[in-house]
Amino acid sequence: MVAPGPDSRVKNGAHPISHPPPGLWRGRRRPRLLKLVVLACLGAGLLMFAAASPALALNSVQAENAKPGDGYWRAALQDSVSGPAPIEGYANATSVRPGGTITFNVSTTPAAQYNIEISRLGWYGGSGGRRITCLVGATVDSTCEQSRQGIQQPGAPAPESGTGRIQAGWSPTDSLTIPGDWTSGYYLAVFRLTSGPAAGRTGFTPFIVQAPAGDQSSILVQVPTNTWQAYNRWGGQDLYTTPEAVKVSFNRPYSHRLLFSWEYPLVRFLERGGWDVTYATDDNVDADPSILLNHRLDMSAGHDEYWTSAMRTGWEAARDAGVNLAFMGADDANWQVRYEDGRRTMVGYKYLTDPVTDPTQTTTMFRFLNPLRPECELMGVEFEGTVIPGTYLPYTADAAVATDPWFAGTGLTPGSVLTGLGGYEVDAMTAGCHVPPVTPLLSYSGPAVTSNFDGAPTHADAARYTACSGAEVFSTGSLQFSWGLDSFRDPTYANVDAPESAALEQVMTRALSDLTVSHVPRPGPPQICVPAPGFTTPAPAAAVGQPVTFDSTTSDAYGQLGNQGWSFAGDGGAGVANGPSVTRTFARPGTARVTLRVTDSSGAPATLVKSVRICACPAPPRSGGWPAGTRSTGPCAQVPMGSVRRVGRRYWFQPGVAVQRISVTTYRLSSPTGRPASVRMASWAAGGSTRFPAGSTRTPIGVDIAALVEGRTLHERFVLAPRRTHGGAPRPQPLTNTTCDGTSAAVLTPAFGGPGSLPLRVAVAGTGRLTITLTAAGRRPIARRVSARGRDVVVAWPSARLRGGTYTVTISAPRSWLPQPFALSATRIVATAQKKVSQRRRH
């Protein structure tokens, strides 16, 4: 159904379903009587059709406002609430659901007869309210002709020492069980004297009837009952007196009628338009923030200044779940307060030091909490200041209205002025707030008119932004904004120059039509403006002692990244840094967890965690090229030691250009024990070369080279195959050469067999305790443990101990900093028998 427009005024039971475009009848003259007959018939027909069609059935607000209204509720405006009154009262709750009971505590001074009139506020064809029933004790009197004897209750007690709290402490006198068919809304209990010298005098207390549990109306209005109590000076104390109270009690009458200043014009506008709306109080939301999730639009009404932490968190959760938000006043969510006594006492230290320091409970401005929670990060605007009483600022349409769909066809264009809508407290956009881009729609920026006379220009903005979830968030930026939506004025503001604006009513009708539609992206709900975090890592690993730079590659849908924070754990300590790039030097080998947490300009966070391998200085490779990105300097520098080539019966060793000194040891591998049969050593300065014999045709040569390079001693041990070998022994190759922890291994004698053959030797380099395991199919593994100190260790198995066959070698290095024992390649065939070992040999 198309939402009714601002002129959809429900009168005499007729419900407007749609309206002709402006000017449709312009220039056409029709008899007045005929027009009335046609409209009456059309209205009756539409009502009959709506009753027969579930799709067009009236919502509860439309049905309630189609009933005839009256003016009994205006008694709340006729008597002063600033001083002692002949009849006063208060309720034991700010709200009640249908089926629940609310209790009233009434005092008459002196004792006299009275009754209680129960009215509901709304539109009601322009009457503004409807008296529903009367109450006498616990008896409902639909005739409103009965009354009962009242009692004079005690006067206001002295303020509580240390807190200033005042509680009336009166006895309950009347109670009302709310019928199940009462419509959610603002209700007044009007206490009317029916006897005595003050007969006819009244007092009142407001209360809210909530919708039944599980309500899913299109709009939920949050009623600012906390602010009602913050400004309640009954008994002489509120949060603003000198000395100020730090605790205020709901158990006392109200000494003001704030609800009629800015909330009531909004209520009239909403219910005149027939919007599907229900109502809840501040303490209702604190008790169950999840009620905010059941609606398309959550709306804050009037002067909603005092919120609890749970309320703020609940509104943020609703926005993040895709619920649209509208803040129809100003100075909203400015102060954090807390409750005591079952939410019947509100605590707010304001400018005094709160002894409670828990940031979820301490009472101060949200923008001063730790961590900070400025209200602009929810609303897009925040409290700017208080306009000098009697000053009403104009709102001017901003450039965005030229193309904004809310303003289409309203006649408002950039530069259009709406008189008197700014004040008496105003909010404005604030630089640096973490929200997506905020669009100003109406604003004031001009000479200083704030009450603190600081000389700075005053700003006020009605603005909107789109949250990460797709939710639209709209803030009016002014307490008096609702004056442009309805002509009602509390007598206090009867002479203000802030007229009702048909154009603004059209804007808000279009806005509500938009805000009561879900904007959650489909399929949903994806977080469309949450950053996509990413960062570079070293490949394949980082080395101990070498600086490593991590660069953020994070992208953001809005292109406005906020903070980027890094943290490191697992390399001997945690560290934190900020910025798009960070350089880190790791202290020990292992696995480090690198976390990048980014926040975009909307306040939406995203986190990415990667594991990075941190390696000890790796051993130089025995074959192949040097790893990509190998550094030439530093603690893990890798440089070639030199090269070996055979010329005739000699091997020549040519050192690398960076070698300062070198030592070469050669030996024949002819003994079953592995001990060298002969040794040749040579030592010389860099730049020369040396030669050593190639050996016999059957004897391999072991070579041990130690070189001094850039102040570091590099060590390498390998085997040179004989010139002619039975079976063609393969060239020695590294079994593996990891760059993570420096562990490497090579088979020095890849072919063996028989009791006279060479032992099987494996050279292992690494750090810490290593285990070398030989495994052959169907046989028990043979393991040896060694302690490596960064140099090669040769492990030998005499051939007499090994049967002929094929073996695999596994080198493992169990370390506490690894998630599991680290194993090198275990698939290489390392031993091939040339002949079977005699079974008579001992194993």
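Below is a short write-up of the structure.

About the thresholds
- The residue numbers shown here count from 1 along each chain, following its written sequence.
- In view of the model being predicted, local features appear only for residues whose pLDDT reaches at least 70, and side-chain atom pairs are presented and counted only at 80 or more, with totals across whole chains, interfaces and linings using the full set of residues.
- Values shown for side chains rest on all heavy atoms present in the structure; no hydrogens or waters enter the calculation.
- We define a salt bridge as a contact between a side-chain nitrogen of Lys or Arg and a carboxyl oxygen of Asp or Glu at a distance within 4 Å.
- Partly exposed residues are those whose accessible area sits between 20% and 50% of the maximum for their type, while under 20% is buried and over 50% is exposed, using a 1.4 Å probe and protein chains only.
- Under the scheme used here, helices are H or I runs from DSSP no shorter than 4 residues and strands are E runs no shorter than 2 residues, and both carry numbers assigned from the N terminus.
- At least two DSSP bridges between two strands are required for those strands to pair.
- Axis lines are fitted to C-alpha atoms, over the contacting stretch for helices. Their N-to-C directions set the angle, which ranges from 0 to 180 degrees.
- Think of a 1 Å grid over the protein atoms and nothing else: a 1.4 Å probe that fits but is trapped marks a cavity, an open set flanked by protein within 12 Å on at least five of seven lines marks a pocket, and residues with an atom within 4 Å of a point count as lining.
- Grid points are joined across faces, edges and corners, and a volume is the space filled by probe spheres set on the points.
- Throughout, a disulfide means two cysteine sulfur atoms within 2.5 Å of one another.

### Examining the pattern of salt bridges
Part 1 of the argument: By the definition in use, this model includes 24 salt bridges.
Part 2 of the argument: The salt bridge involving arginine 165 is made with glutamate 160; its shortest N-O contact spans 2.9 Å.
Part 3 of the argument: What makes glutamate 160 partly exposed here is its relative accessible area of 31%.
Part 4 of the argument: One salt bridge in this structure joins arginine 338 and aspartate 354, with 2.6 Å as the shortest N-O distance. Remark: aspartate 354 occurs in the loop between strand 19 (345-347) and helix 8 (376-379) and arginine 338 occurs in strand 18 (residues 338-340); sequence separation between them is 16 residues.
Part 5 of the argument: For arginine 338, a relative accessible area of 9% puts it in the buried group.
Part 6 of the argument: Accessibility expressed as a relative area gives 7% for aspartate 354, which makes it buried.
Part 7 of the argument: Each of Arg268, Arg272, Asp486, Glu500 and Glu505 takes part in one network of salt bridges that share partners.

### So, the sheet that holds strand 22 (residues 417-422)
Part 1 of the argument: Here nine strands make up an open sheet; going across it, the order is 13-11-14-16-26-25-24-21-22 and the pairing mixed. Unpaired on one side and paired on the other, strand 13 (277-281) and strand 22 mark the two borders of the sheet. In this sheet, adjacent strand axes meet at a mean angle of 20 degrees when their direction is disregarded.
Part 2 of the argument: By the bridge criterion, four bridges tie strand 11 (residues 219-223) to strand 14 (residues 297-300) in an arrangement that is parallel. Note that in strand 14 the partner of leucine 220 across the bridge is aspartate 298.

### Observations concerning empty space enclosed by the protein
Part 1 of the argument: Taken as a whole and judged by the stated rule, the model has six cavities of 30 Å³ or more.
Part 2 of the argument: Taken as a whole, the largest cavity spans an internal volume of roughly 140 Å³.
Part 3 of the argument: What lines the largest cavity is a set of 15 residues, and nearest its centre among them are Ser80, Val81, Gly203, Phe204 and Tyr254.
Part 4 of the argument: Contributing elements (two or more residues each) for the lining of the largest cavity: helix 3 (75-78), strand 1 (87-91) and strand 10 (202-209).
Part 5 of the argument: For the second largest cavity, the calculated volume is near 70 Å³.

### Remarks on the state of the cysteines
Part 1 of the argument: Scanning the entire structure with this criterion turns up two disulfides.
Part 2 of the argument: Shown here is the disulfide that connects cysteine 134 with cysteine 144, its sulfur atoms set 1.9 Å apart. Note on the cysteine 134 and cysteine 144 pair: the S-S dihedral is about 100 degrees, so by sign convention the disulfide is right-handed. Within this pair, whereas cysteine 134 is found in strand 5 (residues 129-136), its partner cysteine 144 is found in the loop between strand 6 (139-141) and strand 7 (148-149), the two being separated by 10 residues in sequence. By the burial criterion, cysteine 134 is buried, and cysteine 144 matches it.
Part 3 of the argument: A sulfur-sulfur separation of 1.4 Å characterises the disulfide bridge that pairs cysteine 376 with cysteine 433.

Shape is all these values report; function is a separate question.
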